[in-house]
Each structure stands twice: as structure tokens, then as C-alpha cells.
Amino acid sequence: MGSAREAALITLTACERQGAWSDGYLKKALREQELDKRDAALASRLCYGVLQNRLLLDWQLARFCNKRLEALDAPVLCGLRAAVYQILFLDKIPPSAAVNEAVELTKKYCRNPRAAGMVNGILRAMLRQKDLPEPEGCDKAETLSLKYSHPLWLVEEFIDTLGPEGAERLLEADNLQPPTAAQINPLRGTLEKLTEELRETGAEATPHPWMPGCLLLSGGGDLERLAPFQEGRFYVQDPAARLAVTAAGVTPGQRVLDCCAAPGGKSFAAAIDMDNQGEVISCDIHPHKIKLLQAGRDRLGLSVITPCRQSAAELREEWVDGFDTVITDVPCSGLGIIRKKPDIRYKDPKALEGLPQVQRGILSNCARYVRPGGVLVYSTCTVLRRENEGIVEEFLAGHPEFALEPFTLPEFGEQPGRITFWPHIHGTDGFFVAKLRRKG
């Protein structure tokens, strides 16, 4: 049986060495280390805390390390980051414990016999300097980049959109840990009954402040192991993503296409809004994701959902003009879900440059599946205008048979056909939704 710090180190090292995604690899490490709920929570806090503050941790470490940080072995660098994170951010952990554990893990995971002494020296020197300086850059953007550990290009994007104060509020929100949003399955019980069952498992469950049929969960450990989850009482979905389906306005008996469906939240929401009457075809291109869709459908008892392997970018002739509602939640930069997946912020911006072309192609292709008078929904989990409003405006310019249609949402009232959700304003993921109606 391992320790919380060891599980965090294994995950962080995998992220550093091979570009592993932290959420998936951490689950694997927690299972292998056989940690109890308390240690699993600490491992998660260490892993996500380091990723949320990596630029700041490295800025502090560079002041005490004689070598370039990039020259250090991955387990050494990740162990140092985890120790400094504990020293700077976790008041309940004695600094000496953080240092000692970092030294022992260095001995275990680094072949260089001198590495442990170096780790000990760096961390002890840091502890001797009681007042560490605040990060400071050449200008506002660089200072915010260091303080909140977001790459400079991304900070500049946010400042351009929100101004310096709004950008700082967003960066701060990105580094918070949001509770998990559980959407009730009304086919399997009431919100009150689900709340009671979840609290009996030890989870903290509170009604969402404005989203109907939604609970905010924390402290429940692995939700997928809970009986209410396994029995299909709820599924996990952020309120903003749920509201994309609310905006669509699907009704019982409709034929709905979810073009980029995995892991299935929008298909589940659509089937629920349809009272499990009609048809929802849920598409993905990966076989393992089709199995995920099938498992979710069966668990929730949503028999109207038919998973289908199909690329959203490739035309399927028999579907043309065939659906009342088509949902296109397209591949995107994911910059609206940094608070849940902190490593997304470190994506190479050059790798994101081709996304608008992909998004345009999917939207144009899937628009052909909307029947005259039907609805087309475009959504992303990013906040970049070029992936959101820019795509919709360009699409409308080339497709005069479609027009934005206002929709009404709980808490937000009537919207002019599109809305951007912001973590620091709405308490949701960063998310964009546009509703388009095809003329009859």
C-alpha cells in the first residue's frame, strides 16, 4: 500500500514525461496504491495543486536551484514541486514532513545517488527564507501569468476579452476546486430521495443554487462506486453543458442527433427532456467511447438512445433532413474547463490553430441533417471567440437558411440565440451555446 504523496508523484511524473492527462492517470495511480478516501483526497489535492500552480512553483524553485529546472530528472522536479506546493499552500501539513517525504521519494524514484541531497538542500534553504517574494513580471500580463500559473499567451487572450480585472477573476476561478454537479435522472426518483441517499454514503450533497434537478457533491470519494450512481439515479454534468440541451428545447417524440456525444451527458439530458420517448442517436468515432455511451444509457434506463459510430465531419446521406434537433458539441481547445483539468492550460497554442477549421467543417456537415423548421445547436467548452461567436457568425453568413433563435434559461432568462458561461461569473464551466433554427 502506497502513500498519497507517492501516488501524486507517479501521476505528475507521467504528465511531465509522456504528456499523460492527470485525471485519467491519477485514477489509475490511486487504484494501484490502494489508498483510503482520506489519502486519495490528499493525493488529488497535491496533483491538481501542483498543476494549477506549476509556473509559480517553478519561479520559486529557480531561485534556490543551481541547475536549470529542465535539466532535472522528472521525478526530482515533480517531487520538488509537490513539496513546495505543500509548503506554500497547505497549512495543515508540517513543512518538515513535506521535505522528508520528498527526500525519501527521490531516493526511491531517482537513480542519481546525489539527487536526494540536492532536494533536501533546496527545500531546507527555502524554509530558512521565511518570507518568499510575491511573483512579479515586467507587466500586468506577465505578473498574472506567474501568480496564477497560466501561460502568457492565454493571459493576454483573457485580458483582451475581459480586461485586466475580469481576467484576474477568471484566472483565480480556474485555480479553485469546483464541487461535482450531479444531474438527477427523474425516471429513477426525486431530488429529495437522491439527496438523502447520497448523504447516507458520506457525500455532502446540496441543491444547486439555481439549476433545477441538480445537486452539488463533495467528499464522496469515487462517485462511480456509489449505489445511487450505479443504479442510475444521477449522472455527472456541469450546469452549463446541461443548459445547452435546455436551450435546444427538445420535446417527447422528437428525433434527435448528438453528433459528438461521448461521454454522453447531452444525450442523457435530451432523452430525459423527451421523457424517454422518441429517438436519440449518439455518435462518436472511437469504439471504446461507444461502449461508454452504451453503459451510461443502460445504467440510466434511457432506452431511446442508440449509440452509433460515425464521424461528425463525414456526411451520412440517409440522415440528411432527418432530425428535429441536431446537437454539435464540437472538439475545441477546452479552455473553459481548466478548473477541472488544470493541465489543459499548458497546451501548445500552435496545436490549437487548426481547431476552427475542424469546427466549421463539423457544423456545416451536421447542419445538413436538420429538417426544415428544425433546430441546430452549436456548443463548446471553451471561451475563445474564434472558436465560438466567430464560427457561428461565419456559418450564418454562408447558410442564410439558418438564423439565431432566442431561448430562455433558468436563472438567466431570455438569451439572444447564444450565451457564453464564465467560471468567475456564473460558477459553471466556461462554455458557449448557440441555437440556430432552420427556416421551414
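Residues numbered from 1 in each chain as written. Predicted model: local features only at pLDDT ≥ 70, side-chain atom pairs only at ≥ 80, totals over all residues. Heavy atoms only, no water.

Chemist: Can you help me understand the side chain of T11 in this one?
Modeler: Considering the arrangement of structural elements, one finds T11 in helix α1 (residues 4-18). Judged by its relative accessible area of 0%, T11 falls in the buried class. What T11 contacts, discounting residues up to four positions off in sequence, is S22, Y25, L26, A29 and C47. (Helix = DSSP H or I, 4+ residues; strand = E, 2+ residues; numbered from the N terminus. Buried < 20%, exposed > 50% of the residue type's maximum accessible area, 1.4 Å probe, protein only. Contact = heavy atoms within 4.5 Å.)

Chemist: When you look at the pattern of salt bridges in this model, what are you seeing that I'm missing?
Modeler: Where charged atoms from two side chains of opposite charge come close, those side chains can pair. All told, the structure shown has 28 salt bridges when counted by the stated rule. For R438, the salt bridge is made with D321, and the minimal N-O distance between the two is 2.7 Å. With a gap of 117 residues between them, R438 in strand β14 (residues 431-438) and D321 in the loop between β7 (305-309) and β8 (323-329) connect regions that are remote in the sequence. The class for R438 is buried, based on a relative accessible area of 18%. Using a relative accessible area of 38% as the deciding quantity, one classes D321 as partly exposed. Residues joined by salt bridges that share partners form a network here, namely D238, R339, K340 and D429. (Salt bridge = Lys/Arg side-chain N within 4 Å of Asp/Glu carboxyl O.)

Chemist: Just checking my understanding: could you explain helix α7 (residues 115-128) for this structure?
Modeler: Helical geometry: 3.6 residues make up each α-helical turn, so side chains three or four residues apart lie on a common side. The end-to-end C-alpha separation of α7 is 20 Å, in line with the 20 Å expected for 14 residues at 1.5 Å each. Buried residues in α7 make contact with α4 (54-62), α5 (74-89) and α6 (95-109). (Expected span 1.5 Å × (residues − 1).)

Chemist: Quick question: what am I supposed to make of the side chain of D324 here?
Modeler: Take D324: it is sitting in strand β8. D324 sits in the buried class, given a relative accessible area of 18%. Looking at D324, its side chain comes within polar contact range of the side chain of R371, at 2.5 Å. Not counting the four nearest positions on each side in its chain, D324 is found in contact with Q254, R255, R371, G374 and V375. (Polar contact = N/O pair within 3.5 Å; in protein donor to acceptor, adjacent residues only side chain to side chain.)

Chemist: Hey, could you run me through the pairing of strand β6 (residues 279-284) in this one?
Modeler: Summarising burial for β6: five of the six residues are buried, a large majority. Where strand β5 (residues 255-258) and β6 come together, four bridges link them in parallel fashion. Residue pairing across strands places L257 opposite I281, the latter belonging to β6. Read as a crossover between parallel neighbours, the route from β6 over helix α14 (residues 287-300) to β7 is right-handed. (Pairing = 2+ DSSP bridges. Right-handed = clockwise from strand over helix to strand, strands pointing away.)

Chemist: Is there a simple way to think about the environment of E70 in this case?
Modeler: Relative to the helices and strands, E70 resides in the loop between α4 and α5. Residue E70 is classed as exposed on the basis of its relative accessible area of 62%. Here the alpha-carbon distance between E70 and A262, two residues 192 residues apart in the chain, equals 36 Å. Looking at E70, its side chain comes within polar contact range of the side chain of R68, at 2.9 Å.

Chemist: Explanation requested: the sheet that holds strand β4 (residues 234-236) in the structure shown.
Modeler: The pairing of strands in a sheet happens through backbone hydrogen bonds and is either parallel or antiparallel. In spatial order, the strands read β2-β3-β1-β4; together these four strands make up an open sheet with antiparallel pairing. Each of the sheet's edge strands pairs with one partner strand only, and the pair in question is β2 (204-207) and β4. Taking the axes of each pair of neighbouring strands and ignoring which way they run, one obtains an average angle of 35° across the sheet. Pairing analysis gives three bridges linking strand β1 (residues 180-184) to β4, with the strands arranged antiparallel. Note that in β4 the partner of A182 across the bridge is V236. (Axes fitted to C-alpha atoms, helices over the stretch in contact; angles between N-to-C directions.)

Chemist: It is not clear to me how the packing of α6 against α7 should be interpreted in this structure. Could you clarify?
Modeler: The axes of two packed helices give the description: the angle between them and the distance between them. At a minimum axis distance of 8 Å, the contact between α6 and α7 shows a crossing angle of 165°. With respect to each other, α6 and α7 are oriented roughly antiparallel. Every pair of crossing elements has a handedness; the one defined by α6 and α7 is right-handed. Along the contact surface, α6 presents P95, V99, N100, A102, V103, T106 and K107, while α7 presents A115, A116, V119, N120, L123, R124 and L127. Looking at side-chain class alone, the contact of α6 with α7 contains nine nonpolar, three polar and two charged residues. (Parallel < 35°, antiparallel > 145°, perpendicular 65-115°, else oblique. Left-handed = near helix turned anticlockwise from the far one by under 90°. Nonpolar A, V, L, I, M, F, W, Y, C, P; charged D, E, K, R; others polar.)

Chemist: Could you clarify how one ought to interpret the packing of aromatic side chains in this entry?
Modeler: Two numbers describe a pair of aromatic rings. These are the distance of the centres and the angle of the planes. Counted under the stated rule, the structure contains nine aromatic pairs. A ring pair is formed by Y378 and F432, whose centres lie 6.3 Å apart and whose planes are at 70°; its orientation type is edge-to-face. In this pair, Y378 sits in strand β9 (residues 370-380) while F432 sits in strand β14, placing the two residues 54 residues apart along the sequence. The same class applies to Y378 and to F432, which are both buried. (Phe/Tyr/Trp six-rings, centres within 6.5 Å; stacked < 30°, edge-to-face > 60°.)

Function cannot be read off these values alone, since they describe shape.
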